[in-house]
Amino acid sequence: MQSESAAEPTVLIVGSGPAGLFAACELVRHGVTPRIVESRLEPHHETRGTALQPAVLELIDRGGLIEPFLDASVHIKRVHVLGPGLQQLAEMTLANIGCKYEHQCSLPQWHTEAILREHLESCGVRIEYGTQVKAIEDDPAGLRVTVEAGGREEVFTTSYVLGAGGAHSITRHSMHEHLAGDTYGGRYIVADMKHRLPYQPECGRVIVGAEGFVLVSPLPDERWLIFVNRDEADTRSELPSAAELSELLNRRAGVDLGMHDLRWASYFNMHMRAAERLSDGRRFLLGDAAHLSSPMGGEGINAAFMDAADIAWKLALVVHGSGKPALLDSYAAERGAADHHVLEVSNEIHNAVMELIAMCRDGMPTLPPADPVKGMAIVRRRSMLDVSYAGSALVGEASAAVEGPAPGERFPVRHRLSGTGHHVIVFGEAPRLDHLRARWNGLVSVVDASSEGFDASAAGVPNGGAILVRPDGFIGFRAAPADEATMAALDAHLASYLVPGSHQAV
Ligand SMILES: Cc1cc2nc3c(=O)[nH]c(=O)nc-3n(C[C@H](O)[C@H](O)[C@H](O)COP(=O)(O)OP(=O)(O)OC[C@H]3O[C@@H](n4cnc5c(N)ncnc54)[C@H](O)[C@@H]3O)c2cc1C
């Protein structure tokens, strides 16, 4: 049976993986209730993407959800690279990375999804399981969507679709987009097991040898996520038994790892792929629907969270009539560049591991002495703290170049800003503040830096000035010094994508 229903709700989310769930959480926080459909009949119980990076923990913190993640996870503070015989080759530590969170939170993906789902349920948002989107077509009233649930077809129109359906996204297909790029050679196994090595759970390990690698990453309950490359000659389609997998891991590590209690395992391929267009103005691609990176970088699930956070505040402002279409255009520009950066970082890590394997074939690899400055830059890249939206139309400045975070970079203490609106943080005196308050009432809060204890140098205005911090905690504009001309430029910047006097609650 087919039925036509009214053009509600305004926002449809396709898929309840991490991207769809976090987008829904963020939309709700910004005052928009989406409809969210999921083709699975019920939640899955797969371990998959486990490590949440420091920059993503900040986003989760801003979303008011950090406590359950901190409680449910192990906190990974270091990663060791080990060579044959488990000899340590390198260490990456997350200490002093310039972030409130100096660790990753590691927990199974099903648990991450459960936390987000429970939050949505507590907000009255129900995920429609067993509901598959079959088609998304252009319609004069928006987008015409066909879904099938329990053998019944429903057709409705919606204003916007967030395509969070994973690698085989129907939203992406409806945009005639594909994931361009490459698939890495080889086949890989991911598993959730226990081992008998005396390892502390605050440290992940990558073990390399002449035949390949094993990645051993801690999970709660003394469990470990294991990645391993298969033997080249092994082309079986069925998964190895627990004993075969244990034997493979021991060969890769060169010692008896004592693996046991296999809970979940899967084959997977590694990709470096992205869609060329993340949006057509009404459809937006998020997470694996938009890009696939090597899990060796551990950034796939994290990029999904970042995509979700970026589109949610922009879409909410537009849905409320407070944002201009330029705001939505910026999603593809900003996340497209950031997602390509994720692919590059994951590719660097992937290639570094492959180079170490090649070196092991000639004996014990020797690495150059660690350079602390380069090392910190690598750790910050790995932690996704170096994401910058510089060059976006939503980022500007009227100031001389100075040291410190530039417009487009994250405000380093963004976790200290509350609410869902923009903030203008003023360091010292600034003109036009009453005008700003009146014109952007409800959309922008003006904050006196001295009363909040914000540091001018850390904000990129060592000699005073004003910065605009966007709802996602990124610096949108810098006015330094804060005089009539630069503050007028900040005001004009806001007017390029916000509607004055539209009074959204901050
Ligand atoms: C075996 C495996 C191991 C992995 N290991 C890691 C890792 O160690 N580290 C890491 O960072 N990442 C890892 N990943 C990747 C990580 O799981 C993904 O990056 C992450 O799940 C992306 O989230 P997403 O929400 O974009 O997509 P998904 O999690 O794929 O969610 C998409 C959802 O959309 C639903 N859906 C699809 N089509 C429709 C439709 N037409 N209608 C309704 N619903 C639909 C699907 O059922 C699914 O629930 C792994 C992935 C796999 C498969």
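Residues numbered from 1 in each chain as written. Predicted model: local features only at pLDDT ≥ 70, side-chain atom pairs only at ≥ 80, totals over all residues. Heavy atoms only, no water.

Comments concerning the pattern of salt bridges
Following the criterion strictly, the structure yields 36 salt bridges and no others. Arg251 is the partner of Glu247 in a salt bridge, and the nearest nitrogen-oxygen pair spans 3.0 Å. Of this pair, Glu247 and Arg251 both sit in helix H6 (residues 242-253), four residues apart, which is roughly one turn of the helix. Exposure remark for Glu247: the relative accessible area of 41% places this residue in the partly exposed category. With relative accessibility at 35%, the residue Arg251 sits in the partly exposed group. The partner of Arg470 in a salt bridge is Asp310, and the shortest N-O contact between them spans 3.9 Å. Linking Arg470 in the loop between strand S26 (465-469) and strand S27 (475-480) with Asp310 in helix H7 (residues 300-319), this pair joins segments that are 160 residues apart in sequence. Here Asp310 falls in the buried class, since its relative accessible area comes to 1%. Among the charged side chains, a network of salt bridges with common partners joins Glu211, Asp231, Glu247, Arg251 and Arg252. (Salt bridge = Lys/Arg side-chain N within 4 Å of Asp/Glu carboxyl O. Helix = DSSP H or I, 4+ residues; strand = E, 2+ residues; numbered from the N terminus. Buried < 20%, exposed > 50% of the residue type's maximum accessible area, 1.4 Å probe, protein only.)

Quick look at helix H1 (residues 18-29)
An ideal rise of 1.5 Å per residue puts 16 Å on 12 residues; H1 measures up with 16 Å between its terminal C-alpha atoms. Along H1, 11 of the 12 residues are buried, which leaves the element largely enclosed by surrounding structure. By the burial criterion, the buried members of H1 are Pro18, Ala19, Gly20, Leu21, Phe22, Ala23, Ala24, Cys25, Glu26, Leu27 and Val28. Following H1 by one or two positions, Gly31 has its phi on the positive side, about 90°. (Expected span 1.5 Å × (residues − 1).)

Some thoughts on the environment of Ala459
Relative to the assigned elements, Ala459 resides in the loop between helix H11 (449-452) and S26. By relative accessible area, Ala459 is classed as buried at 0%. Distance in space between the C-alpha atoms of Ala459 and Pro412 is 7.4 Å, their sequence separation being 47 residues. With near-sequence residues (within four places) excluded, Ala459 lies in contact with Pro405, Phe411, Phe427, Ile467 and Ile475. (Contact = heavy atoms within 4.5 Å.)

Quick notes on the packing of H1 against helix H4 (residues 109-122)
Across the interface, H1 lies against H4 with an axial gap of 9 Å and an inter-helix angle of 25°. With respect to their mutual orientation, H1 and H4 come out roughly parallel. Where H1 crosses over H4, the two elements pack in a sense that is left-handed. Note on element contacts: H4 touches H1 through Gln109, Glu113, Leu116, Arg117, His119 and Leu120, opposite Pro18, Leu21, Phe22, Ala24, Cys25 and Val28. In the contact of H1 with H4, the residues fall into eight nonpolar, two polar and two charged. (Axes fitted to C-alpha atoms, helices over the stretch in contact; angles between N-to-C directions. Parallel < 35°, antiparallel > 145°, perpendicular 65-115°, else oblique. Left-handed = near helix turned anticlockwise from the far one by under 90°. Nonpolar A, V, L, I, M, F, W, Y, C, P; charged D, E, K, R; others polar.)

Examining the pairing of strand S10 (residues 131-139)
Pairing of S10 with strand S11 (residues 142-149) involves eight bridges; the strand directions are antiparallel. What sits directly across from Asp139, in S11, is Gly142. (Pairing = 2+ DSSP bridges.)

Overview of the sheet that holds strand S3 (residues 35-37)
Hydrogen bonds between backbone groups are what pair the strands of a sheet, and the pairing can be parallel or antiparallel. Read from one edge to the other, the open sheet built from five strands follows the order S9-S3-S2-S13-S21, with strand pairing classed as parallel. Two strands bound the open sheet, and with one partner strand each, they are strand S9 (127-128) and strand S21 (283-285). Sheet topology places strand S13 (residues 160-163) next to S21; three bridges connect them, and they run parallel. Within S21, the position partnered with Gly163 by the bridge is Leu285.

Regarding the site of the ligand
Taken together, 32 residues sit near the ligand, with Ala19, Glu38, Gln109, Val133 and Asp288 positioned nearest. Separating a nitrogen atom of the ligand from a backbone N or O atom of Ser39 is a distance of 3.0 Å. Measuring from an oxygen atom of the ligand, one finds a side-chain N or O atom of Gln109 at 2.8 Å. Starting from 1,000 Å² of accessible surface for the ligand in isolation, the protein chains cover 86%. With three residues, S10 is the single largest residue contributor to the shell around the ligand. For the shell around the ligand, the per-class residue count stands at 13 nonpolar, 14 polar and five charged. (Near = heavy atom within 4 Å. Polar contact = N/O pair within 3.5 Å; in protein donor to acceptor, adjacent residues only side chain to side chain. Areas by Shrake-Rupley, 256 points an atom, 1.4 Å probe, with all protein chains shown as cover.)

Thoughts on the side chain of Thr112
Inspection of the secondary structure assignment puts Thr112 in helix H4. Here Thr112 is in contact with Leu52, Phe69, Leu107 and Phe305, once residues within four sequence places are set aside.

Focus on the domain arrangement of the protein
Domains assigned within the protein are domain 1 (2-68 + 106-181 + 272-335) and domain 2 (396-495). Between the C-alpha centres of domain 1 and domain 2 the distance comes to 30 Å. Contacts between the two partners involve 14 residues from domain 1, matched on the other side by 14 residues from domain 2. Roughly 1,200 Å² of surface becomes buried between domain 1 and domain 2 when both sides are summed, with 47% attributable to carbon and sulfur atoms. (Domains from an automatic or database assignment. Buried area = accessible area lost by both parts, 1.4 Å probe.)

Here's the deal with the nonpolar core
With 115 residues, the main nonpolar core has Leu52, Ile60, Leu162, Val208, Phe213, Leu286 and Leu494 as its most contacted residues. The leading source of residues in this core is H7, at 14 residues. The residues that make up this core include at least three from each of domain 1 (2-68 + 106-181 + 272-335) and domain 2 (396-495). Apart from residues no more than four positions distant in its own chain, Leu52 is found in contact with Leu57, Ile60, Phe69, Gln104, Cys105, Leu107, Thr112, Ile301, Asn302 and Phe305. (Core = buried A, V, L, I, M, F, W, Y, C linked by side-chain atoms within 4.5 Å.)

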